[in-house]
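Survey of secondary and tertiary structure
Single-letter residue listing:
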Amino acid sequence: MALTVQETKDIITEVVAKLKKSVEREVTYKKELDDDKAVLTYVQKLVDSGESLPPDSAYESFTEWTESIKKEIKAGETSIKRIDVEKAEIVALEYYIANAQNEVV
């Protein structure tokens, strides 16, 4: 069953709203990424200065701690890249909503 342009626009409008909610989390992702990078720097300073792993640490070693932080950084960077894609999708979808002629798709 073919959708009309208006039905398609209605569906896309909902998609755009969801994408905009996702994009709103960009600042949070950036803050978390900054925090993770600061923790990685802190852990590296501990290693460089020959400190022992804190006794109440949830990690077995500095290597494990560092790898965990690096995974968090990679996840944060991936989320930010995804948000960049979502921003482009919003622009494209809003362009369609504004410019599509009412005919059967």
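Residues numbered from 1 in each chain as written. Predicted model: local features only at pLDDT ≥ 70, side-chain atom pairs only at ≥ 80, totals over all residues. Heavy atoms only, no water.

**Some points on the packing of helix H2 (residues 26-48) against helix H3 (residues 62-99)**
Contact geometry for H2 and H3: axes closest at 9 Å, N-to-C directions at 155 degrees. In terms of orientation, H2 and H3 fall into the roughly antiparallel class. For the pair H2 and H3, the crossing hand works out as left-handed. Among the residues making up the contact of H2 with H3, the classes are represented as 14 nonpolar, two polar and ten charged. (Axes fitted to C-alpha atoms, helices over the stretch in contact; angles between N-to-C directions. Helix = DSSP H or I, 4+ residues; strand = E, 2+ residues; numbered from the N terminus. Parallel < 35°, antiparallel > 145°, perpendicular 65-115°, else oblique. Left-handed = near helix turned anticlockwise from the far one by under 90°. Nonpolar A, V, L, I, M, F, W, Y, C, P; charged D, E, K, R; others polar.)

**A few points about the packing of aromatic side chains**
As enumerated under the stated definition, the model contains two aromatic pairs in all. On the basis of an interplanar angle of 10 degrees and a centroid distance of 5.6 Å, the ring pair of Tyr59 and Trp65 is categorised as stacked. Under the relative-accessibility criterion, Tyr59 is labelled partly exposed at 27%. A centroid spacing of 6.2 Å and a plane angle of 10 degrees characterise the contact between Phe62 and Trp65, whose relative ring orientation is stacked. Of this pair, Phe62 and Trp65 are both found in helix H3, three residues apart, which corresponds to roughly one turn of the helix. On the basis of relative accessible area, Phe62 is assigned to the buried category, the value being 16%. Counting every residue linked through ring pairs, the aromatic cluster contains Tyr59, Phe62 and Trp65. (Phe/Tyr/Trp six-rings, centres within 6.5 Å; stacked < 30°, edge-to-face > 60°. Buried < 20%, exposed > 50% of the residue type's maximum accessible area, 1.4 Å probe, protein only.)

**Focus: the pattern of salt bridges**
Enumeration over the complete set of coordinates arrives at four salt bridges. A salt bridge links Glu26 to Lys87; the shortest N-O distance between them is 2.9 Å. With a gap of 61 residues between them, Glu26 in helix H2 and Lys87 in helix H3 connect regions that are remote in the sequence. By relative accessible area, which is 12% here, Glu26 ends up buried. Salt-bridge contacts for Glu86 lead to Arg82; the nearest nitrogen and oxygen are separated by 3.0 Å. Highlighted residues: Glu86 and Arg82, both in helix H3, separated by four residues, approximately one helical turn. We classify Glu86 as buried; its relative accessible area is 10%. Residue Arg82 is classed as partly exposed on the basis of its relative accessible area of 33%. (Salt bridge = Lys/Arg side-chain N within 4 Å of Asp/Glu carboxyl O.)

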